[in-house]
Amino acid sequence: MLKAKVKWAGGLQFVGQSGTGHAIVMDGSPDYGGENTGMRPMELLLVGLGGCSGMDIASILAKKKQDVRDIEINIQGKQAEEYPKRFTEIEIEFIIKGKNLSEEAVKRAVQLSMEKYCSVKATLEHSAKIIHSYKIVNVD
């Protein structure tokens, strides 16, 4: 079972600590009384999705012996107008850079992450439509 603890640090700032001991600061916008000292919780969901799927893809492509030099993941989430302003749609774009990358290997890695392995995506897809795409950039 995964565990986390979140502790109030004053104002709208909170510090979240994972069961593995890593910490992150969250804060609200000054428009709502925060001081903008950390990510918003909804941003963390997007970052978690990118990290989860990125780790899957990096691992799969390494097993396929692909010469990956960089992975960039762009994510944007559209929120509902009404509270609780949940995500209604999330777009995730993977930009995979490497030498002589196989289109089939990259396509399969993205597909496996999005359809089988990424637990964050599997959790979020029950409340938001998730659209994914990828680009391959071959470098010398």
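The rules behind each value
- Residues numbered from 1 in each chain as written.
- Predicted model: local features only at pLDDT ≥ 70, side-chain atom pairs only at ≥ 80, totals over all residues.
- Heavy atoms only, no water.
- Helix = DSSP H or I, 4+ residues; strand = E, 2+ residues; numbered from the N terminus.
- Buried < 20%, exposed > 50% of the residue type's maximum accessible area, 1.4 Å probe, protein only.
- Contact = heavy atoms within 4.5 Å.
- Areas by Shrake-Rupley, 256 points an atom, 1.4 Å probe, with all protein chains shown as cover.
- Lys, Arg positive; Asp, Glu negative; His and termini not counted.
- Charge placed at Lys NZ, Arg CZ, Asp CG, Glu CD.
- Expected span 1.5 Å × (residues − 1).
- Salt bridge = Lys/Arg side-chain N within 4 Å of Asp/Glu carboxyl O.
- Pairing = 2+ DSSP bridges.
- Axes fitted to C-alpha atoms, helices over the stretch in contact; angles between N-to-C directions.

- By the naming in an unreviewed UniProt entry, the protein is OsmC family protein, taken from Thermodesulfovibrio obliviosus.

**Re the overall build of the protein**
- Each helix and strand in the protein was counted, giving three helices and six strands.
- Each principal axis of the C-alpha atoms in the protein carries an extent, and together these give about 50 × 35 × 30 Å.
- Here the protein, with 140 residues, has 28% of them falling under the buried criterion.
- At a minimum sequence separation of 6, the contacts of the protein that also span at least 24 residues come to 53%.
- As displayed, the protein has an accessible area near 9,300 Å², and 53% of this comes from carbon and sulfur atoms.
- Of note, the protein has its 19 positive side-chain charges centred 8 Å away from the centre of its 18 negative side-chain charges.

**As for helix α1 (residues 41–63)**
- The end-to-end C-alpha separation of α1 is 33 Å, in line with the 33 Å expected for 23 residues at 1.5 Å each.
- The complete set of buried residues in α1 reads Leu46, Leu49, Gly50, Cys52, Ser53, Gly54, Asp56, Ile57, Ile60 and Leu61.
- Tucked into the core, α1 has its buried residues touching β4 (67–79), β5 (87–99), α2 (103–117) and α3 (119–124).
- Once α1 finishes, Lys65 follows within two positions and takes phi at roughly 55°, a positive value.

**Considering the pattern of salt bridges**
- Following the criterion strictly, the structure yields three salt bridges and no others.
- Put simply, Asp67 and Arg69 hold a salt bridge, and the shortest N to O gap is 2.9 Å.
- Classification of Asp67 as partly exposed rests on a relative accessible area of 32%.
- A residue is classified by how much of its surface remains accessible, and Arg69, at 46% relative accessible area, is partly exposed.

**Observations regarding the pairing of strand β2 (residues 13–18)**
- One ladder, built from six bridges, connects strand β1 (residues 4–10) with β2; its direction is antiparallel. When the bridges of β2 are listed, Lys7 appears paired with Val15.
- Remark: two residues form the turn of the hairpin made by β1 and β2, two consecutive strands paired antiparallel; Gly11 in that turn has positive phi of roughly 60°.
- Here β2 folds back onto strand β3 (residues 23–26), and the loop between the two strands holds four residues, one of which, Gly21, carries a positive phi near 95°.

**Quick look at the sheet that holds strand β6 (residues 129–138)**
- If you walk across this open sheet you meet the three strands as β4-β5-β6, and the pairing is mixed. Both outer strands of the open sheet, β4 and β6, are each paired with one neighbouring strand and no more. Between one strand axis and the next, the sheet turns by 15° as a mean value, whatever way the strands run.
- Sheet topology note: the β5/β6 ladder contains ten bridges and is parallel. In the strand pairing of β6, Ile92 is matched with His132.

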